[in-house]
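Structural overview
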Amino acid sequence: MIARPWTDDLPKCRNTCVASYFSPLDGNPSSNDDYFCFYCHTEDNSCLYGVFEPHNGLDAARFIMQRMAAEILFAPPSSSNTDEEIREKLRNAFVSVEKAYIENYDGMIAERTSLQYRLQILKGHTHTTQMSDNILFRLKEIDQHLSGGATVVIALVHNNKLYVANVGETRALLCRTDDNSVLRVVQLTVDHSLNNEDELLRLSQLGLDVNKLRNAQYLGNQTGTRCLGNYLVKGLYKAFPTISAASSEPVVAAPEIHGPIALDESCRFLVLVSAGVYKRIQEVRGNSEQTNKQLSQIIVENFRKQADFKRVSQSVLEEIEEEFLSYCLKNSLTPKPNTHVTLLIRNFNFLPPIPQNDAINTVQKQNASVRFNPIVQSKSNTFLNEMDSEPYSSGSNDFDKNDSNVDTNRSIESSSDIYPIRPYDKDRRIKGYVDFSCYYENVEKARKNGTLPSFIK
């Protein structure tokens, strides 16, 4: 029986909902609760969130998840920490977890070396087939353990700022409203894959043929270019012909850090999602550039129709899974087995805060918070302005400036806009689509000349 992770006992963030599914070999997804994520708050009201996507087994991912929480929470950020100190703390947490992972498998790595040495000796002798087979079987078991790992995304809310760190293709999305209250989705993380030109440049500088890698879409035994764990494709990468020519380890554990991002009233909700979720949407709907928008749209629709906020993530995953399985059935496809998907949603102010003694938000409360604007015929009729290919830059601390430089000229097909209702403000004005200043100037001239028509006041 698997021991219950200590992260289950962390104080939970009340404004967060999570869901997780695991699709085993039989293809029937089973609920896995929030086993590969955590969402907690500390005594100084900081909040920490993490989503971990297991690769090649689950044991390494469990170790990585629990160790990551310990590295960050056992010496939590303080109010005196600078932004750079917090960024460095997150960076060091990834380094420490990777080191601890390798140390955890030191004995197994030593056993592997010893078995390989024995295998070389046995090759020169006869009548040793059974012994060689036993050694090969054990080496296969060890390699399976050593290849275990996880892609990770961590989000820290501290002093009303958001910091994000990730390795791999696990994503963080921030949904926020612009000056016209239109909801936008911003991808805060960078996908560490062979579709990332920066990662391909890094690999080419190690002496690898990136064209071959681009075609193969694999680095050793995985698709991603960064992860925690998987010593087999790191310390033992020379065993893989496609990457053996690299001058150093091609798959790295170094995270990219994004933020700080000021959390103001425009920030509506945060999404941490494993690659398995949005790749299902991509496969079914076929437009990878719109995936973040489509996922956010599904979330918003479930905000409206789901009475219990705590079940929103689960209902979103169920909807995506049902659509995906129907697509596979229709096209005679077999879903990839052993797929683990996780979705975490942190509400900031898209929905009313959850009352202390009321864990369930009613449908009426939700509908009071969200409404769909009727279709407006304009040059940019956007439902959600998406930034799939232009993630937030970690080099700038001015989030609003960065956001304003993106997708202002982009036209996204849509049927409606989403507007959270704000408190009534009689002086608030919506930005005009047409400049009427010339009209008013002519009215004033006509009034002075006495030629103003009587029907104009």
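Source: prediction; values computed, not measured.

**Description of the overall build of the protein**
Per the secondary structure count, the protein includes twelve helices and 15 strands. Within the protein, contacts between residues separated by at least 24 positions form 72% of all contacts whose residues are at least 6 apart in sequence.

**Points about the packing of aromatic side chains**
Per the stated rule, a full pass over the model turns up six aromatic pairs. Seen in terms of ring centroids, F269 and F350 are 5.3 Å apart; in terms of plane orientation they differ by 75 degrees. Their pairing is edge-to-face. Within this pair, whereas F269 is found in strand β11 (residues 267-273), its partner F350 is found in the loop between β12 (339-347) and α10 (363-369), the two being separated by 81 residues in sequence. Ring-pair connections join several aromatic residues into one group, and the members of that group are F269, F303, F309 and F350. Positioned above the aromatic ring of Y278 is the side chain of R171, whose terminal nitrogen or guanidinium carbon lies 3.8 Å from the ring centre.

**Topic: the confidence of the model for the protein**
Per-chain confidence: the protein averages 79 in pLDDT, with 75% of residues scoring 70 or above. Of all the helices and strands in the protein, strand β13 (residues 370-373) carries the lowest mean pLDDT, 35, while strand β6 (residues 161-167) carries the highest, 97. Every residue in residues 356-426 scores below 50 in pLDDT, and together they form 168 contacts with partners more than four places removed in sequence or on other chains. Contacts from residues 428-434, a stretch scored under 50 in pLDDT, to residues over four places away or in other chains number six contacts.

**Observations concerning the nonpolar core**
In this structure, Y105, L146, L203, L213, L219 and I243 are the most contacted members of the largest nonpolar core, which totals 30 residues. Where this core is concerned, the elements lending two or more residues are α3 (106-122), α4 (129-146), α5 (197-205) and α6 (210-216). When residues in this core are grouped by element, the largest group, five residues, is from α3. Ignoring anything within four residues of it in the chain, the contact list for Y105 reads A60, H145 and L146. Counting 29 residues, the second largest nonpolar core, distinct from the first, contains A275, L295, L317 and I320.

**Considering the pairing of strand β3 (residues 37-41)**
Taken residue by residue, a regular strand's side chains alternate between the two faces of the sheet. For β3, the buried fraction is high: four of the five residues fall into the buried class. Judged from the five bridges that link them, β3 and strand β4 (residues 47-55) form a sheet pairing that is antiparallel. Following the sheet pairing, F38 is matched in β4 by G50. Hairpin connection from β3 to β4: five residues lie between these consecutive antiparallel strands, with N45 at a positive phi of about 70 degrees.

**Focus: helix α7 (residues 275-285)**
Within the span of α7, buried status applies to A275, G276, V277, Y278, R280 and I281. Where α7 terminates, the next one or two residues include G286, which has phi positive at roughly 75 degrees.

**Quick word on the side chain of R346**
Within the secondary structure, R346 is located in strand β12. A distance of 2.5 Å separates a polar atom in the side chain of R346 from a polar atom in the side chain of Y49. Beyond its immediate chain neighbours, meaning those up to four positions away, R346 contacts C13, N15, T16, C47, Y49, R268, F269 and L270.

**With respect to the pairing of β12**
Burial runs high along β12: nine of the nine residues are buried. The side-chain alternation of β12 yields two buried faces, one formed by T339, V341, L343, I345 and N347 and the other by H340, T342, L344 and R346. The pairing of β11 with β12 spans five bridges and is antiparallel. For V271, the partnering residue across the bridge sits in β12 and is I345.

**Side note on the environment of A275**
Structurally, A275 can be placed in helix α7. In this structure A275 comes out as buried when scored by relative accessible area, which is 7%. For the pair formed by A275 and T151, sequence separation is 124 residues and the distance between their alpha carbons is 9.0 Å.

**What about the packing of α7 against helix α8 (residues 291-305)?**
Their axes nearest at 10 Å, the elements α7 and α8 cross at an angle of 105 degrees. With respect to each other, α7 and α8 are oriented roughly perpendicular. Of the residues in α8, those in contact with V277, Y278, I281, Q282 and R285 of α7 are T291, Q294, L295 and I298.

**Some details on the pattern of salt bridges**
Scanning all chains against the criterion turns up 19 salt bridges. Notably, a salt bridge pairs E71 with R67, separated by 3.1 Å at the nearest N-O pair. Remark: R67 and E71 occur in helix α1 (residues 59-73); sequence separation between them is four residues, near one turn of the helix. Taking the relative accessible area as the measure of exposure, E71 reaches 24% and is therefore partly exposed. With a relative accessible area of 34%, R67 lands in the partly exposed category. Residue R87 pairs with E84 through a salt bridge whose shortest N-O separation is 3.4 Å. Residue R87 and its partner E84 are located together in helix α2 (residues 83-104), separated by three residues, close to a single helical turn. Relative accessible area serves as the criterion here: at 12%, R87 is assigned to the buried category. A network of salt bridges, in which partner residues are shared, links E111, R138 and E141.

**A short note on unusual backbone geometry**
P260 follows G259 through a cis peptide bond whose omega is 10 degrees. Positionally, P260 belongs in strand β10 (residues 256-262). Of note, S181 is a non-glycine position whose phi angle comes to about 65 degrees, a positive value. Mapping S181 onto the fold places it in the loop between β7 (171-177) and β8 (183-187). Under the relative-accessibility criterion, S181 is labelled buried at 4%.

Rules behind the numbers
- The residue numbers shown here count from 1 along each chain, following its written sequence.
- Local features in this predicted model are restricted to residues of pLDDT 70 or higher, and side-chain atom pairs are both shown and tallied only at a pLDDT of 80 or more, whereas totals for entire chains, interfaces and linings draw on every residue.
- Only heavy atoms go into the side-chain values, all of them from the structure, while hydrogens and water stay out.
- By definition, any uninterrupted DSSP run of H or I lasting at least four residues is a helix, any uninterrupted run of E lasting at least two residues is a strand, and each is numbered from the N terminus.
- When checking whether two residues touch, look at their non-hydrogen atoms; a contact exists if any pair is within 4.5 Å.
- Between the rings of Phe, Tyr and Trp (Trp by its six-membered ring), a pair exists once the centres lie within 6.5 Å; its type follows the angle of the planes, with under 30 degrees stacked, over 60 edge-to-face, and the other angles tilted.
- Note on geometry: a ring has a charge over it if NZ (lysine) or CZ (arginine) is within 6 Å of the ring centre and within 35 degrees of the ring normal.
- The pLDDT score gives, residue by residue, the confidence of the prediction method on a 0 to 100 scale.
- Buried residues of nine kinds, namely Ala, Val, Leu, Ile, Met, Phe, Trp, Tyr and Cys, make up a nonpolar core once their side-chain atoms join them within 4.5 Å.
- Think of it in three bands: residues with accessible area under 20% of the maximum for their type are buried, residues over 50% are exposed, and the middle band is partly exposed, with areas taken using a 1.4 Å probe on protein chains only.
- At least two bridges found by DSSP between two strands is the condition for calling them paired.
- Each polar contact in these results corresponds to two N or O atoms within 3.5 Å; when the atoms are within protein, one needs to be able to donate a hydrogen and the other to accept it, and residues that are neighboring in sequence are counted only if both atoms are side-chain atoms.
- Lines fitted to the C-alpha atoms define the axes, with helices restricted to the stretch that makes contact. Angles between their N-to-C directions range from 0 to 180 degrees.
- In what follows, roughly perpendicular refers to angles from 65 to 115 degrees, roughly parallel to angles under 35, roughly antiparallel to angles over 145, and oblique to any angle outside these ranges.
- In what follows, salt bridge is the name for a side-chain nitrogen of Lys or Arg lying within 4 Å of a carboxyl oxygen of Asp or Glu.

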